[in-house]
Amino acid sequence: MKKVGVLGSGVVGRTLADAFEKRGYEVMLGTGNPKKLQDWQSGTNGKVGSFEKAADFGDLIVLAVKGTAAHIIVEQVKVGISDKLVLDVTNPLSDEKSKDGARKFFTSAEESLMEKLQELVPEAHFVKAFNYFDSKAMVNSAKSKQQVMNICGNEAAAKAEAKEVLAQFGFKSKDLGKVEAAREIEQMAISI
């Protein structure tokens, strides 16, 4: 049985952790405060731990943290995620309040958040996925069925593995290319 370390315990992290557990994976939900999630450990294959423990635990990693915290958390877990597929669900949304309903990003058009994370841990196999879908539409919902999930990353084998996972969640995948394509995919998050 494959083990999944989900880094992030917000709605998105819990949604994906639950979905992996329902598909028979062993899951550890990584959080900065494991005590607040003791009730999540209801399933037989679900555990809660620190970010570091979840990164060490998983054969597959899901990075589902707030974009502004992603760099700090990836720095903490870089040994644990090295040489593993990291499904990057993060978005570079600024902590600034939106003005007139327009969300702000803290990245530029020249570099995505995923590119920065890949540079930080070049040994990890980042693949951008899930980031522009609402959490309610991430797992075999009427919205996800037959929808296309745009992905990107530098490693062909990691993208192939990501496509297999996405198929289990009800998505067809479209490979937009190398890590630089995350600039476009992250911009899609504005619409959610």
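Residues numbered from 1 in each chain as written. Predicted model: local features only at pLDDT ≥ 70, side-chain atom pairs only at ≥ 80, totals over all residues. Heavy atoms only, no water.

A. Seen up close, helix α3 (residues 67–81). Taking 1.5 Å as the rise per residue, α3 with 15 residues should run 21 Å; its terminal C-alpha atoms sit only 17 Å apart, a clear shortfall. Its axis deflected by about 50° at Glu 75, α3 carries its strongest bend there. Within the sequence span of α3, burial applies to Gly 67, Ala 70, Ile 73, Val 74, Val 77, Gly 80 and Ile 81. Just downstream of α3, Asp 83 is the residue with a positive phi angle, here 65°. (Helix = DSSP H or I, 4+ residues; strand = E, 2+ residues; numbered from the N terminus. Expected span 1.5 Å × (residues − 1). Bend = angle between axes of the 7 residues up to and from the residue. Buried < 20%, exposed > 50% of the residue type's maximum accessible area, 1.4 Å probe, protein only.)

B. Seen up close, the pairing of strand β7 (residues 148–151). Across 4 bridges, the pairing between β7 and strand β8 (residues 172–175) is parallel. Bridge pairing in β8 places Asn 150 opposite Lys 174. Taking the sense of rotation as the criterion, the β-α-β connection linking β7, helix α5 (residues 156–168) and β8 turns out right-handed. (Pairing = 2+ DSSP bridges. Right-handed = clockwise from strand over helix to strand, strands pointing away.)

C. Local environment of the layout of surface pockets. Roughly 540 Å³ of internal volume is contained in the largest pocket. Taken together, 27 residues form the lining of the largest pocket, with Val 12, Ala 64, Val 65, Lys 66 and Asn 91 sitting closest to its centre. Elements represented by at least two residues in the lining of the largest pocket include exactly α1 (11–22) and α3. Of the residues forming the lining of the largest pocket, the biggest block, 3 residues, is contributed by α3. Grouping the amino acids of the lining of the largest pocket by side-chain chemistry returns 11 nonpolar, 12 polar and 4 charged. (1 Å grid on protein atoms, 1.4 Å probe; cavity = no way out; pocket = protein on both sides within 12 Å on 5 of 7 lines; lining within 4 Å. Points joined across faces, edges and corners; volume = space filled by probe spheres on them. Nonpolar A, V, L, I, M, F, W, Y, C, P; charged D, E, K, R; others polar.)

D. A look at the environment of Gln 187. Following the sequence through the fold, Gln 187 ends up in helix α6 (residues 182–187). Between the alpha carbons of Gln 187 and Leu 93 there is a distance of 9.7 Å; along the sequence they are 94 residues apart.

E. Looking closely at the nonpolar core. One finds Phe 20, Val 62, Ile 81, Leu 87, Phe 126 and Phe 130 to be the most contacted residues of the largest nonpolar core, which totals 59 residues. The element that contributes the greatest number of residues to this core is α3, accounting for 5 residues. In this structure Phe 130 touches Leu 16, Leu 87, Val 89, Met 138, Met 149, Leu 166, Phe 169 and Phe 171, once residues within four positions along its chain are discounted. (Core = buried A, V, L, I, M, F, W, Y, C linked by side-chain atoms within 4.5 Å. Contact = heavy atoms within 4.5 Å.)

F. Seen up close, the sheet that holds strand β4 (residues 60–63). Taken together, 6 strands build an open sheet; the order of strands is β3-β2-β1-β4-β5-β6 and the sheet is parallel. Since the sheet does not close on itself, it has two edges, and those belong to β3 (46–49) and β6 (125–128), each with one partner. Averaged over all pairs of adjacent strands, the angle between strand axes in this sheet comes to 20°, irrespective of strand direction. Of the strand pairs in this sheet, strand β1 (residues 3–7) and strand β2 (residues 26–30) are connected by 5 bridges, and their pairing is parallel. (Axes fitted to C-alpha atoms, helices over the stretch in contact; angles between N-to-C directions.)

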